[in-house]
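# Observations on the three-dimensional arrangement
So the chains spell out like this:
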Amino acid sequence: MVRDVMIGVAASLVLASSAGAEVKVDRVPCPGQGQCVRLANGTVEVLVATEIGPRIVRYGFAGGDNLLGWVPESTVKTELGEWKAWGGHRLWSAPEHMPRSYSPDNDPVDVQVSGRSVTLTQAVEPKTGIEKILTVTLAETGTGVIVGHRLVNRNLWDIEVSPWALTIMNTGGTIILPQEPYASHDDALQPVRAMTLWAYTDLSDPRWQIGPKFLRLRTDASRAGSQKVGIANRQGWAAYHRNGHLFVKRYDWQSSATYPDFGVNTEAYTAGAFVELETLGALVSLAPGGAATHEERWSLFRDVEQPATDDALQQVLAPHLQAAR
């Protein structure tokens, strides 16, 4: 049962900051699936689902395109039931495993609103004993959103997990990942980053563009084959560019931590029109009642070009990455 979020008699709540900015919280229809709670500050709006999830199903400029994708037709049948991708941003536990990772999340979530934040708590998964909590906080002004991910072990035994934040993006764009800074062989003898490839990864596929400064993966609806890569991303950001809009995630790299999938914290995946930008927290052992957390910080920019060369793209991205800190 969805908890009453106490949004007042007019079904809306306006919170004023000291600078006079406003964050409005109200209920609106979700895209094809019940009701959402909307956070809006006049610049961007964020919609979080209340009847499935936890899920963020919209992030975009007010009145503009949704940068997040919606794919309700995508389903996976498992021994735990039918898992639906739905779309948008979700929280999983890594490493990926069938059926554990695909535990269905098609039921209502507990919803709590506090100021500019909405917290979504899923009922404990009956087969995995994991509780998933997603907290979404919208900045008073601008495009900033903080997304907190929390996995709680409700079993009677220890488990090893990593919070896995997956964002299905609106199709037709390009994922942009940073390469590590260049250094000559004379100055750097040791490797600087791990890259993980899957059995189906083909780096000769034309959807990849691998340059000295960036690794790009574009969508192509005519190519159904899957492509995926993982990187140990010490630069702390990943981006998605679509129709002049640039979506940036920032997140922290923990040098002393262990990460899943051969030590990576950033993954990019596409198959046909489907595209997903993923980040991972540290892989940790949780005692009963213990929690693992991972935070992403989102920003959105408009009228951004994507030049073909890495040098030109670096010049375009630099001010936006600085603003997204």
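Figured I'd write up the structure that's included with this text.

Basis of the calculations
- Numbering of residues starts from 1 in each chain and follows the order in which that chain's sequence is written.
- Per-residue local features of the predicted model are confined to residues with pLDDT of at least 70, and side-chain atom pairs are confined, for both listing and counting, to 80 or more; whole-chain, interface and lining totals are unaffected and use all residues.
- Values shown for side chains rest on all heavy atoms present in the structure; no hydrogens or waters enter the calculation.
- Strands are runs of DSSP state E lasting at least two residues, helices are runs of H or I lasting at least four, and both sets are numbered from the N terminus onward.
- Only C-alpha atoms enter the radius of gyration, while the globule expectation follows 2.2 Å times N to the 0.38, with N the number of residues.
- Method for areas: the Shrake-Rupley scheme with a 1.4 Å probe, in which residue coverage is limited to the protein chains shown.
- A positive count includes Lys and Arg, and a negative count includes Asp and Glu. His and the chain ends are not counted in either.
- Positions of charges follow a simple convention, taking NZ of Lys, CZ of Arg, CG of Asp or CD of Glu.
- By this definition, two strands are paired if DSSP reports at least two bridges between them.
- The axes used here are C-alpha line fits, helices contributing only the stretch in contact, and every angle between their N-to-C directions lies in the interval 0 to 180 degrees.
- Only heavy atoms enter the contact rule, under which two residues are in contact if any of them lie within 4.5 Å.
- Burial here depends on accessible area, computed with a 1.4 Å probe over protein chains only, as a share of the maximum for the residue type. Under 20% is buried, over 50% is exposed, and the range in between is partly exposed.
- To estimate how far a helix should extend, the number of its residues minus one is multiplied by 1.5 Å.
- Values of bend correspond, residue by residue, to the angle between axes fitted over the seven residues ending at that residue and the seven starting there.
- Here, the term nonpolar core denotes a set of buried Ala, Val, Leu, Ile, Met, Phe, Trp, Tyr and Cys residues that are joined through side-chain atoms within 4.5 Å.
- In plain terms, two cysteine sulfur atoms within 2.5 Å form what is called a disulfide here.
- By salt bridge we mean one thing: a side-chain nitrogen of Lys or Arg within 4 Å of a carboxyl oxygen of Asp or Glu.

### Quick look at the overall build of the protein
Per the secondary structure count, the protein includes two helices and 24 strands. Its C-alpha radius of gyration of 20 Å places the protein within 12% of the 20 Å reference for a compact globule of 325 residues. Along the first, second and third principal axes, the C-alpha atoms of the protein reach 65 × 50 × 40 Å. When the accessible surface of the protein is split by element, carbon and sulfur atoms take 50% of a total near 14300 Å². Where the 29 positive side-chain charges of the protein centre and where its 35 negative ones centre are 2 Å apart.

### Some remarks on the sheet that holds strand 24 (residues 291-301)
Read across the sheet, 10 strands follow the order 9-10-11-12-24-20-19-14-17-16 without closing on themselves; strand pairing throughout is antiparallel. Every other strand in the sheet has two partners, leaving strand 9 (110-114) and strand 16 (208-210) as the edge strands with one partner each. Averaged over all pairs of adjacent strands, the angle between strand axes in this sheet comes to 15°, irrespective of strand direction. Contacts from helix 2 (residues 310-323) reach strand 14 (174-178), strand 16, strand 17 (214-218), strand 19 (237-242), strand 20 (245-250) and strand 24 within the one sheet, and its direction differs from that of strand 17 by about 95°.

### Some words on the pairing of strand 4 (residues 44-49)
Most of strand 4 is tucked away, with six of its six residues classed as buried. Side-chain alternation along strand 4 places Val44, Val46 and Val48 on one buried face and Glu45, Leu47 and Ala49 on a second face that is also buried. As paired strands, strand 3 (residues 35-40) and strand 4 are joined by five bridges and run antiparallel to one another. Each bridged residue has a counterpart across the sheet, and for Cys36 the counterpart in strand 4 is Ala49.

### Quick notes on helix 2
With 14 residues, helix 2 should cover 20 Å at 1.5 Å per step; its first-to-last C-alpha distance of 20 Å lies within 8% of that length. Where helix 2 bends most, at Leu317, the angle is about 35°, and the proline Pro319 comes one to four residues later. Of the surrounding secondary structure, the elements contacted by the buried residues of helix 2 are strand 14, strand 16, strand 17, strand 19, strand 20 and strand 24.

### A few points about the environment of Thr171
Within the secondary structure layout, Thr171 lies in the loop between strand 13 (159-168) and strand 14. Residue classification places Thr171 among the partly exposed residues on the basis of a relative accessible area of 33%. Residues Thr171 and Gly148, 23 residues apart in the sequence, show an inter-C-alpha distance of 25 Å. For Thr171, the contacting residues outside a window of four places in its chain are Thr219, Tyr240, Arg242, Ala273 and Val275.

### Regarding the nonpolar core
In this structure, Val46, Ile56, Tyr59, Leu177 and Phe247 are the most contacted members of the largest nonpolar core, which totals 38 residues. Beyond its immediate stretch of four places on either side in the chain, Val46 contacts Val37, Arg38, Leu39, Ile56, Arg58, Tyr59, Val136, Leu138 and Val145.

### Here's the deal with the environment of Ile159
Assignment of secondary structure puts Ile159 in strand 13. Setting aside its immediate chain neighbours within four residues, Ile159 contacts Ile130, Asn153, Val284, Ser285 and Leu286.

### Thoughts on the state of the cysteines
One way to say it: the disulfide is the covalent bond shared by the sulfur atoms of two cysteines. Under the defined criterion, the tally for this structure stands at one disulfide. The side chain of Cys30 participates in a disulfide bridge whose partner is Cys36; the two sulfur atoms lie 1.7 Å from each other. Because the sign of the S-S torsion sets the handedness, a value of about 95° for the bond joining Cys30 and Cys36 places this disulfide among the right-handed ones. According to the relative accessible area criterion, Cys30 is buried, its value standing at 9%. For Cys36, a relative accessible area of 0% corresponds to the buried category.

### Things to note about the pattern of salt bridges
Taken as a whole, this structure holds 20 salt bridges when the rule is applied. For Asp105, the salt bridge identified is with Arg55, shortest N-O distance 2.6 Å. With Asp105 in the loop between strand 8 (89-94) and strand 9 and Arg55 in strand 5 (residues 55-61), this residue pair connects regions lying 50 residues apart in the sequence. This pair shows no difference in class: Asp105 is buried, exactly as Arg55 is.

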